[in-house]
Each structure stands twice: as structure tokens, then as C-alpha cells.
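# Structural characterization, general
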Amino acid sequence: MSAKPSLAIRDLRVRRGGTLVLPGVSVEIQPGIVTGLLGPSGSGKTTLMRAIVGVQIVESGEVTVLGAPAGSPENRRRVGYVTQAPSVYGDLTVRENLHYFSRVLGVPTARIEEAVTVVDLSGHEDQVVRTLSGGERSRVSLASALLGEPDVLVLDEPTVGLDPVLRRDLWRTFHALAEEGAALLVSSHVMDEAERCDELILMREGRIVATGSPGELRSRTGQDDLEDAFLALAEAA
Amino acid sequence: MSPRITFATAARVLRQIRRDHRTLALIVVVPPVLLTLFKYVFYGQEETFNRVAPPMVGLFPFISMFLVTSIAMLRERTTGTLERLMSLPLAKLDLLLGYGIAFAALAVVQATVTALVAFGLLGLDSQGPAWLIVLLAVANALLGMALGLFVSAFAQTEFQAAQFMPAFVLPQILLCGLLIDREQMARGLELLSNLLPLTYAYDALARATADDLGRQLVVDVAVVGGAIVLALLLGATTLRRRTT
């Protein structure tokens, strides 16, 4: 791809509690598309995402996001991050949460309504987050990350536990954001989500097993099913 | 840092507490009730009540804010909101000052209500000005907040955080001179009490109560101020952008 990557990772090594979780990962992520980070739980997806956002202590390697080192002050405004567990204030309402994060980001409060609409929480604005369902809470977390209209959006398993209609709608939203030029990195441990991504990064035990579009991975392995393709690639690696 | 983010943080913290009616009620109601209890435990000993009660008005906010802050900050850590904030354009100082402003405001309410009950209803008689005691109470609230923020980094659960109260606060109250003059303590304890910030907080309150508004009071306040800054700096070192 000719476009300048939004994200470039070179020889990233991360050690957690004595174990080498990422033994040397190199990968690039392009703007304007949705990249899926697929792999079983414990394969290092979250650690890789944390390194991209700049909240992970890394042993060595380079993580460059939008031309600057990961976690640099200018990136903290331009990179959105949604953790797997919703990180919002349970004792505040949806609106109060979004209002606070909009003030921190310095974006107009009009963004709050837009973000609420995107994640389909209209009508729940004045509900205390603690009283929402798990799926709704994770959407508040997602809305908080959308407030700043980030150029890079890192989403850790954003669709777990959501109903199929909402899941489809969210994937549409992800693609719409990508079309506006953002780079999206979406992790998942379910293979049926891989089909919805433009590009895939398959991870296993801290290593990248394969990268490519769903079509490429299928034809490279001769498998129709992406799950089978993943198995073939994992066994070959 | 930015005033916009600092004040947004203070407003957010206050909103969280306002929603928790029970905590709010306990913060405002418990000190006056305890003082009332105190008055009738020492029934007929007006002198003891007049000597000990004003400093207590000033020490309650220290205890309350230590507890509330250590648990609030622990929650920020365990629910991932701290990690989110650290990935946003928020300076650590924004967070620290935001908490400081919020809890100072809360301490003003707590100390004012306690002082009104003590001086108005309980007939407490202090030689020094009551407003100075309220002002010192706010300083003590900030000291409690800063220490609570720092120690919260060493707690993994809310149970642990709650146990830091007896571990960090009670020894300071025992040694600060409230219960017994520090000169009458074992020499080792007296020396130890010189190192504890609450000793100076109590000394300032005792002087304000006795209307001894001299240089020593200024020194006490300066030491308390220095301890607040030091605890905030230590607290800032526990707020890490990057974690394992």
C-alpha cells in the first residue's frame, strides 16, 4: 500500500511479570480501513493495543503513531482507545461522563449528542451508567472515545455481548469512520468478525502469524472458512 | 496543565459525591454528632470540651478526605478510568488539583456545619476566631486528600484502602498532642511525632483555639502546607502513564 501508515510497529518486545508477552512484533496499519486484530485470548492483542496507545511499558522496539512516538502528548488528542472492560464512571449519567471527557479533550459539547447517536444510546443520556446493561456500558465507553474524532481508533473487543443488529450497526459505524480517513484497529477472538474487516492481523502466542485481507488469507491457504485458514496459518507458522 | 481540565475534573468529582447521598450525609452529619457525643461524655467538664473540641472540628476533614480520596482514586485505578485519563490530554496536575479543589470545597461545607453546631448549639467557647479553625480545617482536608491519594497506590482492594485509615491516620491522631501533651509522651514518641504532619496541623488548631496567633502558628501552617505539596508530589509519582 502506498499511503503513509498511521501506525508502524518495529521489533516491539514487551515483558509482563517475567514472561515475554510480545517477543518482537513488527506491523503497519493503514489509514482509511478497518484492520482486525484476531487471535485467541492470551495471544497478546490487548498488550499490543496498550503499546499503541502508549500506556504499556515496553522493553524495546519502536511504536510510531501518526508520525510521533506512541503516547506522545500530541497523540493523546488524536488516538482513541476503548478498553475491553468499559472505563467510564458508573456513578455518573451517560451525559455527565461524556461531558467530562469532552472537556478533557476540549471538544464542543455538541459532539456529545453526535457520539450518543452513533452508539445508539439516544434516550439513555440521563441514565446513571451503573444501571445500564453491560452492552450499553461498553457503548458509553465507545462514545467517550469517539468524542475527539480520533485519527486512530483502537478498540479492544468492542462488540462482545452485543445483539446482532447492534453489532452490524457498529461495524457500519467503524467502516464509516474509516471512510472519513481514520485508521481503526479492532480486536476480536471470534472469527466471524474477521469477515467484516478490510485487513487482518492474526496473532498467536505473541507473534503475528499472518496479515492480509480476508480474501487473500483464504486464497493463500485454499480454505473457504477463515477459521480453517487461521488454523492452517497457525500450524504452518 | 489547563484550568479547563482541572475545573472539569473538580466538577466531575463533586458530581460523583453529590450522587452518593449516603456518603455526603455521613461526611456532613457524623462530625457534629460525634462532637455532641463528646460534649456529653465530658458532661460538666466545660474546660476539657472547650480545649479539645475546636481542634476536633479541624481534624474531622483530615480523616474524611483521607478515606474518600483513597477509595475514589483506587476506583479510578481498578475501573480503568485512570488508564483512560492517562491516555488523554490530561496533565497529572489537572487530576491532582481537580481532586484538591473538589475536596477543599467539600471540607468547607463539612467544617462550616460542624463549627456552626459546635459554637452555636453546643455552646463551645474558643478564645480564638472560629473562622480560622474552619480555614485550618480546609488545609487539613487537603492534607488528608494528598495522603489518601498517595497511599491509594498501595492498595489493591477497597478493603485494604479502608484499613489504611487506622494504619496511617490513627497513629498520627494518637501522637499529635490531642489526647495528651507531647512533652508527656515517651521521648522516642515525642521525637517521632515531630515527623508527622498531623502534629503541626493539631498544633496550629490548638494555637488558634487559644488565640495564640503568633509566629509559631505561621510555622505550623507552613509545615502543613509543605506536607501537602510533598504528599501531592509523591502522589503524582504513583500516577503512571505507562504501566506493566
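Keep in mind that what you see is a predicted model, and the values were worked out from it rather than measured.

## Brief notes about the overall build of chain B
When its secondary structure is counted, chain B shows ten helices and zero strands. For a compact globule of 244 residues, the expected C-alpha radius of gyration is about 18 Å, and chain B comes in at 18 Å, within 12% of that figure. Across its three principal directions, the C-alpha atoms of chain B cover 55 × 40 × 35 Å. Every one of the 244 residues in chain B was classed for burial, and the buried ones make up 46%. The contacts of chain B with a sequence gap of at least 6 include a subset with a gap of at least 24, amounting to 79%.

## Points about helix 10 (residues 215–238) of chain B
All names here are of chain B. For helix 10, which comprises 24 residues, the first-to-last C-alpha distance of 35 Å matches the rise-based estimate of 34 Å (1.5 Å per residue) to within 8%. Inspection of helix 10 places L217, D220, V224, A227, I228, A231, L232 and G235 among the buried residues, and these make up the whole buried set. Of the surrounding secondary structure, the elements contacted by the buried residues of helix 10 are helix 5 (92–121), helix 6 (130–152) and helix 9 (197–209).

## A word on the packing of helix 3 (residues 46–78) of chain B against helix 9 of chain B
All names here are of chain B. Across the interface, helix 3 lies against helix 9 with an axial gap of 9 Å and an inter-helix angle of 140°. Judged by the inter-axis angle, helix 3 sits oblique to helix 9. The two elements helix 3 and helix 9 cross, and the hand of that crossing is right-handed. The residues of helix 9 that touch helix 3, namely those facing R51, P54, P55, G58, L59 and F62, are L198, A201, Y202, L205, A206 and T209. For the contact of helix 3 with helix 9, a count of residues per class yields nine nonpolar, two polar and one charged.

What counts, and at which threshold
- Residues numbered from 1 in each chain as written.
- Chains lettered and ligands numbered in written order.
- Predicted model: local features only at pLDDT ≥ 70, side-chain atom pairs only at ≥ 80, totals over all residues.
- Helix = DSSP H or I, 4+ residues; strand = E, 2+ residues; numbered from the N terminus.
- Rg over C-alpha atoms; globule rule 2.2 N^0.38 Å.
- Buried ≥ 20, exposed ≤ 12 C-beta atoms within 10 Å, placed from the backbone.
- Contact = placed C-beta atoms within 7 Å.
- Expected span 1.5 Å × (residues − 1).
- Axes fitted to C-alpha atoms, helices over the stretch in contact; angles between N-to-C directions.
- Parallel < 35°, antiparallel > 145°, perpendicular 65-115°, else oblique.
- Left-handed = near helix turned anticlockwise from the far one by under 90°.
- Nonpolar A, V, L, I, M, F, W, Y, C, P; charged D, E, K, R; others polar.

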